[in-house]
Amino acid sequence: MDNKYIKYAMLQPLTGGAYFGTENTVGHPAEFMISYPGFDAPKFNKEGKLVDAGNEYFLLEYLKRHNRSVPYYQFDRTPFQDDYNMEPTILQNGEPVEHPNYENIDLVAAVPVCAGLSSASAASSEHKSTCNNNMLYLASYALNVIKPKVYIFENAPRLMSDTGSIVREKLEQIAKDANYSVAYYKTNTYWHDNCQDRPRTFVYFFRADGDRKGTPNLGFEHKHVTVSEFLSRIPHNSTENHTMPKSELCTSMYDYFKHLYGEEWRCKVKTRSLISELVKTKQLDAWNDFVQKSDYISDKAKKQVDRLVKHIYDKAKDGKGFYETTFTLTSDDKVPAAMFKTIPFAFHHSEDRLYTMREWMSFMGMPYDFEMQGDVGLTFRKIGQNVPARTMQFIASEAVNVIKNWDTVERGPNLNVVFFDNIKQTSYVMKDL
């Protein structure tokens, strides 16, 4: 089976990393995308200038500029509804239409929100539980309505933790009822020709075919590159090369460590988390004092630092860690996961600056001419609300290999659940469904 005959679709593609990764694997555009109202909405200021937009706006604009647009539809419902209506109204340009042609779709990929299982989210347990409805509905719709040979989605590492067990049980019941086997695939973007330390869980669903119901074997990949090697690939004519604005808090941290250790301060820091370094060396109060006496730090920033220091002491007193603000001195080995709490506070591995928007988008595997126009202070958050394209390219390639060998690939007689660990390069059958 040639790749040109493989039909695939996307559910809720968000910023586009999963789309680009799948398109790179298959070699041609998707048959269609389906998402939710508002995910493609631009936001303009009073002067009519774009300041922000829904994640998918940037993807759709990119595809339009490159004459690669695909039909884009939306469910007439909200992302977190707790019902399982498998006959939602399908919208196109805000108007009800017939759903796209689902016949012979081989592969569907989706990017459900991770907030329900995200360790970075400070939301309540009730809110997180509601967020999981997005993942469960998309899986139900894909398996019961579109019925592809393979369905894939990406989610947080905690899906494979005790916290995620209830969600896994629901996913497995959806799979069993629709006659699909399940594979959980634990990996890290770090191992997919990248340098971003981004552990994730991908989930595969394989449609049963007669007596062949089990999960096919999936491969592994271990291909890491250094930060400097990775960044050397970025063309000089790429877009979005502007540096993330450095906050006063970041400036005060740079200046304090230079004050403490001199220009070679990077070599003398023992801990990548600079807040942890201050705590371990008992310099937290000294940093606060340095900031309060600085004549170039605003009163607002001084109050922020004072509150942060008090917050850290309160957390430590209760035996808890702190995550609200992370100042990370990156190494040439890796950068932290691209998130709204890391992008503005990750210091370049060799220069006194933050990473650029282009560098972060490259860590996510976005095309070198991809643009996120608007206010950088708002749009940067969309970078991490995404799937690294190169990681998805590998994940999708394993699915495509199964699809191309659908009639011959080895599968057991029972619907089952298999766990693949790309980090340890091991796998085992978790249970039969």
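Every value quoted in this text rests on a predicted model; they were computed, and no experiment measured them.

Thresholds, definitions, all that
- Position numbers for residues start from 1 in each chain and track the written sequence from start to end.
- Where local features are concerned, this predicted model is filtered to residues with pLDDT of at least 70; where side-chain atom pairs are given and counted, the filter is 80 or more; whole-chain, interface and lining totals use all residues.
- Where side-chain values are given, they derive from all heavy atoms of the structure, hydrogens and water being excluded.
- For the purposes of this entry, the term helix denotes a DSSP run of H or I that reaches at least four residues, the term strand denotes a run of E that reaches at least two, and both are numbered from the N terminus.
- Exposure categories follow from relative accessible area, calculated using a 1.4 Å probe and restricted to protein chains: below 20% of the type maximum is buried, above 50% is exposed, and the middle band is partly exposed.
- Only four residue types enter the charge count, namely Lys and Arg as positive and Asp and Glu as negative; His and the chain termini do not.
- Here, a salt bridge means any side-chain nitrogen of Lys or Arg that lies within 4 Å of a carboxyl oxygen of Asp or Glu.
- Any pair of nitrogen or oxygen atoms within 3.5 Å is treated as a polar contact; in protein, a donor-acceptor pairing is required on top of that, and neighbouring residues in sequence qualify only through side-chain atoms on both sides.
- For this analysis, residues touch if any pair of their heavy atoms sits within 4.5 Å.
- Comment: axis = line fitted to C-alpha atoms, over the contacting stretch for helices; angle = value between 0 and 180 degrees taken between N-to-C directions.
- Here roughly perpendicular refers to angles of 65 to 115 degrees, roughly parallel to angles under 35, roughly antiparallel to angles over 145, and oblique to all remaining angles.
- Two helices crossing with the near one rotated counterclockwise from the far one by less than a right angle form a left-handed crossing, whereas a clockwise rotation gives a right-handed crossing.
- Only Asp, Glu, Lys and Arg are considered charged, only Ala, Val, Leu, Ile, Met, Phe, Trp, Tyr, Cys and Pro nonpolar, and every remaining residue, Gly among them, polar.
- Strands are treated as partners if at least two bridges between them are detected by DSSP.

## Let's talk about the side chain of Glu240
And then number 1: With respect to the secondary-structure elements, Glu240 resides in the loop between α5 (227–231) and α6 (248–261).
And then number 2: Salt bridges are absent for the buried Glu240, whose nearest opposite-charge side chain, Arg358, sits at 6.2 Å.
And then number 3: At 2.5 Å, the side chain of Glu240 forms a polar contact with the backbone nitrogen of Met372.
And then number 4: Excluding its chain neighbours within four sequence positions, the residues that come into contact with Glu240 are Thr356, Met357, Arg358, Met361, Phe370, Glu371, Met372 and Gln373.

## Some points on the packing of helix α9 (residues 284–293) against helix α10 (residues 299–317)
And then number 1: Running from N to C, α9 and α10 point in directions that differ by 165°, and their axes come no closer than 9 Å. The angle between α9 and α10 places the two elements in the roughly antiparallel class. As α9 packs across α10, the resulting crossing turns out to be left-handed. Between α9, through Leu284, Asp285, Trp287, Asn288, Val291 and Gln292, and α10, the contact on the second element is made entirely by Lys302, Val305, Asp306, Leu308, Val309, Ile312 and Tyr313.
And then number 2: Across the contact of α9 with α10, the residue classes break down as eight nonpolar, two polar and three charged.

## A word on unusual backbone geometry
And then number 1: In this model, Asn93 sits at a positive phi of 55°, which is unusual for a non-glycine residue.
And then number 2: The residue Asn93 is located in the loop between β6 (90–92) and β7 (95–97) in this model.
And then number 3: Residue Asn93 is classed as exposed on the basis of its relative accessible area of 77%.
And then number 4: Phi angles above zero are rare outside glycine, and Glu240 is one such case at about 55°.

## Quick notes on the pairing of strand β4 (residues 50–53)
And then number 1: In this structure, strand β3 (residues 42–44) lies alongside β4, joined through three bridges in antiparallel fashion. Within the sheet, the bridge partner assigned to Pro42 lies in β4 and is Ala53.
And then number 2: Hairpin geometry of β3 and β4 is characterised by an intervening segment of five residues between the two adjacent antiparallel strands and by a positive phi of about 80° at Gly48.

## A word on the packing of α6 against α9
And then number 1: With their axes 10 Å apart at the nearest point, α6 and α9 run at an angle of 110° to one another. Relative to α9, the element α6 is oriented roughly perpendicular. Handedness of the crossing formed by α6 with α9: right-handed. In this structure, α6 contributes Ser252, Met253, Asp255, Tyr256 and His259 to the contact, and α9 contributes Ala286, Trp287, Phe290 and Val291.
And then number 2: Tallied by class, residues from the contact of α6 with α9 come to six nonpolar, two polar and one charged.

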